[in-house]
Amino acid sequence: MTVISTTAPAAAHGSTTLREVRARGRFRGALGLLGPAFVAAVAYVDPGNFATNFAGGATSGYELLWVIVMANLMAVLIQYLTSKAGLATGRSLPELCRERYGTRVNLLLWLQAEVVAMATDLAEFVGAAIGLNLIFGIPLFAAGLITAAVAFAVLALQQRGYRGFELAVIALLALVGLGFLYLFFAAGGQDYRQAAAGLVPHLSGGTMSLTVGIIGATVMPHVIYLHSALQKNRVKGADREERRALLSWNRRDCFIGLGIAGLVNMAMLCIAAALFHRPGLTGISELGPVYAHLGSVVGGGAALAFGIALMASGLSSSSVGTYAGQVVMSGFMNWHIPLFARRALTMLPSLLVLAFAANTGQALIYSQVVLSFGIPFAIIPLLLVTRDRAIMTDMTNRRITNVAMLMTAAVVVALNVYLLGSAVTGAL
């Protein structure tokens, strides 16, 4: 059996230097330094976000808008730190964990990361399949196979270097953004006073599971691992000054890419609040009924925009999720198996759900709760690594950054403990 590394194949093509990128000119050079955070941003507008955001808007109106804003701010901080770890060390977060911790700890981290990657692919494959089914009438399982083929094709672009893969994913992300830009204005009926009130943080027991689901759908643990790997063998700085310049561009990349994702998520919830938060419609949160209701209330163009956005979201994020599966196995355990087998392993549970599950929409919601429970296993090691001067050298976290990460971890852990306790006692 041929053994092939499951890390990014772009390494074979060498790295681009910052000087080479700057030589392209100001505009092209700037574009060349953006990209990894946009790939990560795809995971923040995946079909799981569609499910949780539409469920939140239909059930609670604008009440959970602040949760999306908070989760997006967490995401910007976390993704900036994981990209910084990759830039500073030239290694992914799972690789850094393997070097820092013992075999048992890495085994635990790998196992939960595999579950997270599979839960991620579940949401993404189901969403893409539903999108293909709604637009073209393709049966769900056949649509899942098409999604798998597209994911393999997008990932194959890595063989030609990092940029082709990035641009393909960014193009699909643009379809999602444009779809919801059109939908927001086509749906209309926004209550901006209620939306402003929804930005004020507050919690109620009835919205706790959706709160955790939205955070799980937004602060995606698998791209915490992946984003650090995307920095490997990309643009390199020759000295400290160039490394600091690259770090500054990483920060901009995260703010722009994840800022766009945050706006799309807010648009989802606001559309659902305007159209579905009314008597007789609060239960409309599954993707099929959302599509149908958009067509009957707003028009066929709105339904088509929703279907295209959902399909593009699922196709792009399934590629990203499958790539994350490669990164966690090779990083945590240093195991290398053929790429086809590695990618198929991540996809398999999703295809089984499409073949046999009676309620795929509910599976989307559950997958996001699973993702939320995986977040602490990613952000706590990330904090410990990025605060360690022996690893990060001149890119070690500042004290205020460590405090912000500690607060983020505390919020996520507290919400998960509350959700688990409520589920056990039957309070939910």
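In short, a report on the structure. All figures in this text were calculated on a predicted structure; none of them were measured in a lab. (Residues numbered from 1 in each chain as written. Predicted model: local features only at pLDDT ≥ 70, side-chain atom pairs only at ≥ 80, totals over all residues. Heavy atoms only, no water.)

Observations concerning the overall build of the chain
For the chain, the helix and strand inventory stands at 19 helices and two strands. Relative to its full complement of 428 residues, the chain shows a buried share of 58%. In the chain, the proportion of contacts linking residues at least 24 apart, taken out of those at least 6 apart, comes to 85%. Summed over its atoms, the accessible surface of the chain is roughly 16,800 Å², and 66% of this surface lies on carbon and sulfur atoms. (Helix = DSSP H or I, 4+ residues; strand = E, 2+ residues; numbered from the N terminus. Buried < 20%, exposed > 50% of the residue type's maximum accessible area, 1.4 Å probe, protein only. Contact = heavy atoms within 4.5 Å. Areas by Shrake-Rupley, 256 points an atom, 1.4 Å probe, with all protein chains shown as cover.)

Describing the nonpolar core
Membership of the largest hydrophobic core comes to 137 residues, with the highest contact counts inside it found for Phe50, Phe54, Phe180, Phe306 and Phe332. The leading source of residues in this core is helix α13 (residues 240-276), at 18 residues. When residues no more than four places from it in sequence are discounted, the contact partners of Phe50 are Val45, Val176, Phe180, Met268, Leu287, Phe306, Ala309, Leu310 and Ser313. (Core = buried A, V, L, I, M, F, W, Y, C linked by side-chain atoms within 4.5 Å.)

Comments concerning the environment of Tyr225
Along the polypeptide, Tyr225 turns up in helix α12 (residues 221-230). Judged by relative accessible area, which is 1%, Tyr225 ranks as buried. Sequence separation between Tyr225 and Ser83 is 142 residues, and the spatial gap between their C-alpha atoms is 9.4 Å. Setting aside its immediate chain neighbours within four residues, Tyr225 contacts Ser92, Leu93, Pro94, Gln112, Ala113, Val327, Val328, Phe332, Phe377 and Ala378.

Concerning the packing of aromatic side chains
All chains considered together, the criterion is met by 10 aromatic pairs. Consider the rings of Phe50 and Phe306, whose centres lie 5.8 Å apart with planes at 65°: the pair is edge-to-face. Of this pair, Phe50 sits in helix α4 (residues 47-60) while Phe306 is found in helix α15 (residues 300-333), placing the two residues 256 residues apart along the sequence. Joined through ring pairs, the aromatic side chains of Phe50, Phe54, Phe180, Phe276 and Phe306 make up one cluster. Against the face of Trp249 rests Arg252, its NZ or CZ located 4.2 Å from the ring centre. (Phe/Tyr/Trp six-rings, centres within 6.5 Å; stacked < 30°, edge-to-face > 60°. Lys NZ or Arg CZ within 6 Å of the ring centre and 35° of its normal.)

Some words on the environment of Pro139
Positionally, Pro139 belongs in the loop between α7 (103-136) and α8 (140-156). Judged by its relative accessible area of 53%, Pro139 falls in the exposed class. Sequence separation between Pro139 and Leu354 is 215 residues; the distance between their C-alpha atoms is 9.4 Å.

So, empty space enclosed by the protein
Considering all chains together, one arrives at two cavities of 30 Å³ or more under this definition. Approximately 80 Å³ is the volume attributed to the second largest cavity. As for the second largest cavity, its lining consists of Leu33, Pro36, Leu87, Gln231, Arg234, Val235, Leu246, Trp249 and Asn250. Of all the elements, α13 adds the most residues to the lining of the second largest cavity, at three residues. Residues that form the lining of the second largest cavity fall into these classes: six nonpolar, two polar and one charged. (1 Å grid on protein atoms, 1.4 Å probe; cavity = no way out; pocket = protein on both sides within 12 Å on 5 of 7 lines; lining within 4 Å. Points joined across faces, edges and corners; volume = space filled by probe spheres on them. Nonpolar A, V, L, I, M, F, W, Y, C, P; charged D, E, K, R; others polar.)

Concerning a nonpolar patch on the surface
Taken together, Ile380, Leu384, Val413 and Val417 make up a surface patch of nonpolar side chains, about 300 Å² in accessible area. When residues of the nonpolar patch are traced back to their parent elements, those giving at least two are α17 (360-386) and α19 (399-425). Structurally, the position occupied by Val417 is in helix α19. Under the relative-accessibility criterion, Val417 is labelled exposed at 55%. (Patch = residues over 30% accessible without salt bridge, like charges linked within 9 Å, V, L, I, M, F, W, Y side chains within 5 Å. Salt bridge = Lys/Arg side-chain N within 4 Å of Asp/Glu carboxyl O.)

Comments concerning the layout of surface pockets
The space that makes up the largest pocket amounts to roughly 370 Å³. Lining the largest pocket are 14 residues, with Tyr80, Lys84, Arg251, Arg398 and Thr401 positioned closest to its centre. Breaking the lining of the largest pocket down by element, the ones donating at least two residues are α5 (65-89) and α13. Classifying every residue of the lining of the largest pocket gives six nonpolar, three polar and five charged. Considering only enclosed or pocket space, the second largest pocket measures out at about 310 Å³ in volume. Where the lining of the second largest pocket is concerned, the elements lending two or more residues are α9 (162-187), α10 (192-198) and α13. Of the residues contributing to the lining of the second largest pocket, the split by class is 14 nonpolar, two polar and no charged.

A word on the pattern of salt bridges
What the rule picks out here adds up to eight salt bridges. Glu166 serves as the salt-bridge partner of Arg163, at 2.6 Å between the closest nitrogen and oxygen. A residue pair is termed a helical-turn pair when its members lie 3 or 4 positions apart in one helix, as Arg163 and Glu166 do in helix α9 at three residues. With a shortest N-O distance of 4.0 Å, Asp394 and Arg244 are connected by a salt bridge.

Some remarks on the packing of α9 against α13
Two elements in contact, α9 and α13, have axes separated by 10 Å at closest approach and are oriented at 30°. The angle between α9 and α13 places the two elements in the roughly parallel class. When the axes of α9 and α13 are compared, the crossing they make is left-handed. The residues of α13 that touch α9, namely those facing Val176, Gly177, Phe180, Leu183, Phe184 and Ala187, are Val264, Ala267, Met268, Cys270, Ile271 and Leu275. Classifying every residue of the contact of α9 with α13 gives 11 nonpolar, one polar and no charged. (Axes fitted to C-alpha atoms, helices over the stretch in contact; angles between N-to-C directions. Parallel < 35°, antiparallel > 145°, perpendicular 65-115°, else oblique. Left-handed = near helix turned anticlockwise from the far one by under 90°.)

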